[in-house]
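Coordinate analysis (summary)
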Amino acid sequence: MRFGYFDNKRREYVIDNPATPRSWTNYLGSTAFGSVITNNAGGYTFYKSAAQGRFLRMPFNSVPMDQPGRYLYLHDHDQKDFWSNSWQPVGKPLSAFKNICRHGTGYTTIASEYKKISSEATYFVPNGKNYECWIVKVKNEDTKHRQLSLFTYVEYASNWNAQDDLINLQYTQYIVNVQAKGNIIDHGTNINLPELPDNFEEKDQGRHTFLAISGALVKGHDTDREAFLGPYRTYANPIVVEEGQCRNSSGVGDNGCGVFQVPLSLAPGEEKSFLVLMGVGAADKEGKAAVADFDTVEKAEQALEEVKQTWHSQLNNFSVDTPDEDFNNFLNTWAPYNCLITNSWSRAASLIYNGERDGLGYRDSVQDVMGTAHLIPEATRERLRLMLSGQVSTGGALPVVKPFAHYPGKMQAPSAEEYRSDDCLWLFNAVPLYVQESGEVDFYKEVIPYADQGEDTVFGHLRRAIMFNLERLGQHGLPCGLLADWNDCLELGQAGETTFVAFQLRHALITYQEIAELLAAPEEAAWAKTELEKVDQNIAENAWDGEWFLRAYRHDGLKFGSQENEEGKIFLNPQVWSIISGYADAQQQEKVLKQVREQLATDFGVMVCAPPFVKTDYTVVRATLMNPGMKENAGIFNHTQGWAIMAEALAGNGDQAYAYFKATNPATYNESAEVRECEPYVVCQSTHSKYSPKYGASRLPWLSGAATWLYYAATQHILGVQPVLEGIKIDPCIPAHWKEFSVQRIFRDKTLHIAYKNPEQVQKGVKSIELNGTTLQGQMIPMELLQDTNNIIITLG
Ligand code: IFM
């Protein structure tokens, strides 16, 4: 069953049935001011941090789902009826209530039609502003005059600290003070305390937000939630909306809300429009300034166009046209958009992530930049600088970097027990990718402080990352897993060892050697080569289990991912990383990929391990705590799907790489959305595998490394457009039935139009490359031959 469709021209996903299996969300704003909005106008808004800057309340995981939000209620004074512009919260029967939600890039439009009144709200955050703008339109489609009132509704957090707001009620129920001042509501918390602009994390300080109406008269207000809703009522039937009359209440203590009543007297065919502006700052100051900025709807519409332009110009840096429409819309809009949003909010702002893990999780956020380097190069460089300054002088990393409270050189280094083994090894994927994209070799020479003490060049940071692991090898000479090694559930003990990180370390050493050669540092290159030989020797002696690679050794020698194990016999990561890191020879590649296909692949993607842990004690592997088939316990952990695609592509198996891509592409499930349940336009962290009764259901949409790796695997390994320092390397690995396809890409300010021809229907192999009419040798398009605009023809064969 489908609930919507892709409008590729407008880069929108259109939900024409609002009764979606779960709420389907979108994001507004920037890292300075962000919003989560659902197809039923649910969600919340925050300043800088969803945890410390949350000013709209969201009780997570409650019923009805995703309430409250940014509601617009309509009351018909003659018919004594009321509804909401979004289907929920009033929830009129869908036989009489038509509703469409258009989730676009940085904006969401929700429109409805009920009893010959059409209404529409477009929500967005104007570029550079710390407030939301809602463009509201109401039209009388009737032949009679209609007397309506429209009511806004937002519910305020009593304290910007999300947790305090929801649980510290003996305090926070006394500190909110919400007052209407003409057409602007001032939502104050702790208003008698000073504001502390330099101490964002201090929750006990004076703070204000505003909600303003621009372009319409206001007839009344309510700022006290209980006065607006009435006792024993819900958002579905607030007393004020039912009666059609505000009570002009003041939200002093208890729960504040932002309600304005806007009377609308509409002649037949008449439409009225106005704006709601809601954001950070006091009514008298920032509120008034916002109204002055947007004193007409036209100005807001212009600002909305600018938001679209900003997003679209970023997304335009890479586009494809293949025979697979789902592949195209994923790569042209939704994957890069997903990557940009994930890069912004890491794992700290959604309807699942409530900000409890506030800030940028180290390993996740380092990987996230791989999806953004070609879209927002400058911001990517900034993010890399920030993350490198989150590395500590031991070479390990802070677990989380908080951009709003990060003081390089002064942060406390983690204790020995707190380090994860893989954190800084992801820098070997992210940093070179940025340098290859930008061509800025000097980035390696830039000096960046460590989080705790001292500083080094980026090259020096990379060396310390390697040293960190080399100094922590276990009894088999493989890297110790420490607190965790990407898989947060393996309980290896400090001295337990991980083959996955061994492959990562191998990749790091190869990459370091290449950078050392580039920077003319032969001693460093030789050092890396020698260390690589030792690592390879230890892998050869200790990581192979006979038919596939082991996953790990616990501190006492117990194996994970071995034929000896009844549960968790085989894990995906070491198999695919043995290929990604270049370790596995052709025979091993064939063997491990076969095992992955036979033991781990499902219709919905590849499981992270199998069989699930049921009997194994949770002190051995915490995955046992999860139901079989979910998350790290033999679930389809989508973060890893890109790696499986890459491994198949590197081995030359285009059909299989594509099959894995299709199995995990969200759009594949548009017509069976009742199975996947989550948004068909974005990735999810995990999908229930065949070991779960909810096989195929995906969970935790949007914020996942799945977006980055899937996008990376598709662009660099299926389409094979690989930026390298010298130019672009072309190395596609595609499904054999693709006869023709094309890519357009901006690379270092040059435009590339790449047309692929595959007359022999091969999966891999570049027969010839023609650049602007000249035939090139090999698979490289050198930088110096590129003009501003380039026509490139690739013939496969
Ligand atoms: O790799 C981790 C990630 O950092 C947080 N979520 C779970 C993943 C796998 O355990």
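Residues numbered from 1 in each chain as written. Predicted model: local features only at pLDDT ≥ 70, side-chain atom pairs only at ≥ 80, totals over all residues. Heavy atoms only, no water.

So, the layout of surface pockets
Rolling a probe over the atoms, with the probe sized like a water molecule, indicates the empty space that remains. Just so we agree on the cut-off: Only protein atoms enter the 1 Å grid used here, on which a cavity is any set of points holding a 1.4 Å probe that cannot leave and a pocket is any open set flanked by protein within 12 Å on both sides along at least five of seven lines; residues with an atom within 4 Å of a point are listed as lining. Grid points are joined across faces, edges and corners, and a volume is the space filled by probe spheres set on the points. Secondary structure elements are defined from DSSP: runs of H or I of at least 4 residues count as helices, runs of E of at least 2 residues count as strands, and each element is numbered from the N terminus. We call Asp, Glu, Lys and Arg charged. Ala, Val, Leu, Ile, Met, Phe, Trp, Tyr, Cys and Pro are nonpolar, and the rest, Gly among them, are polar.
In this structure, the largest pocket encloses a volume near 960 Å³. Taken together, 32 residues form the lining of the largest pocket, with Gln436, His507, Glu514, Tyr712 and Val724 sitting closest to its centre. Where the lining of the largest pocket is concerned, the elements lending two or more residues are helix 10 (427–438), helix 12 (499–518), helix 16 (641–650), helix 19 (705–718) and strand 35 (721–724). A breakdown of the residues in the lining of the largest pocket according to their chemical character gives 17 nonpolar, nine polar and six charged. As a volume, the second largest pocket reaches approximately 820 Å³. Around the second largest pocket, the lining comprises 36 residues; the ones closest to its centre are Gly29, Ser30, Thr31, Ser344 and Trp345. Top element by residues in the lining of the second largest pocket is helix 7 (residues 325–345). It accounts for five residues.

Comments concerning the UniProt feature "domain: Glycosyl hydrolase 94 catalytic" (unreviewed entry) in the chain
Quick reminder of the rule: UniProt positions are given in the numbering used here, feature names are shortened, and annotations may be inferred rather than shown by experiment.
Per the UniProt record, the feature "domain: Glycosyl hydrolase 94 catalytic" (unreviewed entry) sits at residues 311–720. The span residues 311–720 is 42% helical and 9% strand by assignment, and the distance between its end C-alpha atoms comes to 25 Å.

A look at the side chain of threonine 322
Test applied: Note on classification: 1.4 Å probe, protein chains only; a residue is buried when its accessible area is under 20% of the maximum for its type, exposed when over 50%, partly exposed between these limits. Pairs of N or O atoms are called polar contacts if they sit within 3.5 Å, as long as, within protein, a hydrogen donor faces a hydrogen acceptor (for residues adjacent in sequence, only side-chain-to-side-chain pairs).
Note that threonine 322 resides in the loop between strand 20 (318–321) and helix 7. A relative accessible area of 6% places threonine 322 in the buried class. A distance of 2.8 Å separates polar atoms of two side chains, one belonging to threonine 322 and the other to asparagine 328.

Re the packing of aromatic side chains
Keep this limit in mind: Think of it this way: a Phe, Tyr or Trp ring, Trp meaning its six-membered ring, pairs with another when their centres are within 6.5 Å, and the plane angle makes it stacked under 30 degrees, edge-to-face over 60, tilted otherwise. Ring-over charges, as used throughout, are those where CZ of Arg or NZ of Lys falls within 6 Å of the ring centre and within 35 degrees of the ring normal.
For the coordinates displayed, the defined rule picks out 58 aromatic pairs. Between tryptophan 24 and tyrosine 681, the aromatic rings sit 6.5 Å apart at their centres with planes inclined by 80 degrees, giving edge-to-face as the arrangement. One end of the pair, tryptophan 24, is in the loop between strand 2 (12–15) and strand 3 (25–29); the other, tyrosine 681, is in the loop between helix 18 (673–676) and strand 33 (684–687), and 657 residues separate them in sequence. Judged by its relative accessible area of 1%, tyrosine 681 is buried. Residues phenylalanine 327 and tryptophan 738 carry aromatic rings whose centres are separated by 5.1 Å and whose planes lie at 80 degrees to one another, so their mutual orientation is edge-to-face. Of this pair, phenylalanine 327 sits in helix 7 while tryptophan 738 sits in the loop between strand 36 (727–730) and strand 37 (740–747), and the two are 411 residues apart along the sequence. Classification of phenylalanine 327 as buried rests on a relative accessible area of 0%. Ring-pair connections join several aromatic residues into one group, and the members of that group are Phe3, Phe6, Tyr13, Trp24, Tyr27, Trp311, Trp334, Tyr337, Tyr681 and Trp702. When the ring centre of phenylalanine 82 is taken as origin, the NZ or CZ atom of lysine 92, which lies over that ring, is 5.7 Å away.

Notes on helix 5 (residues 283–293)
To keep things clear, this is the line we draw: Throughout, the arc means that of the directions going from the helix axis to the C-beta atoms. Here, residues are in contact when the closest pair of their heavy atoms is within 4.5 Å.
Along helix 5, the residues classified as buried are Ala283, Gly287, Ala290 and Val291. All buried residues of helix 5 project into a common sector of 100 degrees when viewed along the axis, lining one side. In this structure, helix 5 carries Lys285 and Ala292 as exposed residues pointing more than 90 degrees from its buried face. Buried residues along helix 5 sit against strand 11 (131–140), strand 13 (176–181), strand 14 (184–189), strand 15 (207–214) and strand 19 (271–280).

With respect to the state of the cysteines
Applied cut-off: Any two cysteine sulfur atoms lying within 2.5 Å of each other are counted as a disulfide.
Under the defined criterion, the tally for this structure stands at zero disulfides. The cysteine cysteine 609 is free of any disulfide, with cysteine 489 supplying the nearest cysteine sulfur at 9.1 Å. Among the residues examined, cysteine 609 registers a relative accessible area of 0% and is labelled buried.

Section: the nonpolar core
Test applied: Residues belong to a common nonpolar core when they are buried Ala, Val, Leu, Ile, Met, Phe, Trp, Tyr or Cys residues joined through side-chain atoms within 4.5 Å.
The biggest cluster of nonpolar side chains holds 248 residues, and the ones touching the most others in it are Tyr44, Phe327, Leu331, Trp643 and Leu719. One finds Leu398, Ala451, Phe468 and Leu482 within the second-largest nonpolar core, a separate group that totals seven residues.

Notes on the site of the ligand
Filter applied, for reference: Near, as used in this document, describes a residue that has one of its heavy atoms within 4 Å of the molecule or strand being considered. Only the protein chains shown count as cover for residues, and all accessible areas are computed by the Shrake-Rupley method using a 1.4 Å probe.
If you check the shell around the ligand, you find Arg363, Asp364, Trp486, Asn487, Asp488, Glu632 and Phe637 and nothing else. Protein chains shield 93% of the accessible area of the ligand, which is 280 Å² for the free molecule. For the shell around the ligand, the per-class residue count stands at two nonpolar, one polar and four charged.

Details of the pairing of strand 10 (residues 117–124)
How we decide: Think of it this way: DSSP has to see at least two bridges between two strands before they count as a pair.
Judged by how many residues are buried, strand 10 sits mostly within the fold: seven of eight residues are covered. Relative to strand 10, strand 9 (residues 107–114) runs antiparallel, the two being bridged by eight bridges. Across the sheet, the residue bridging to threonine 108 is tyrosine 123, located in strand 10. Between strand 9 and strand 10, which pair antiparallel and follow one another directly, the connecting turn spans two residues, one of which, lysine 115, has a positive phi of 45 degrees. Sheet topology places strand 10 next to strand 11; eight bridges connect them, and they run antiparallel. The residue bridging isoleucine 117 from the neighbouring strand is asparagine 140, located in strand 11. The hairpin formed by strand 10 and strand 11 contains six residues between the paired strands, and glycine 128 there has a positive phi angle of roughly 75 degrees.

Some words on the side chain of glutamine 314
Within the element layout of this structure, glutamine 314 appears in helix 6 (residues 297–315). Overall, glutamine 314 belongs to the buried group, its relative accessible area being 18%. Setting aside its immediate chain neighbours within four residues, glutamine 314 contacts Leu340, Leu375 and Ile376.

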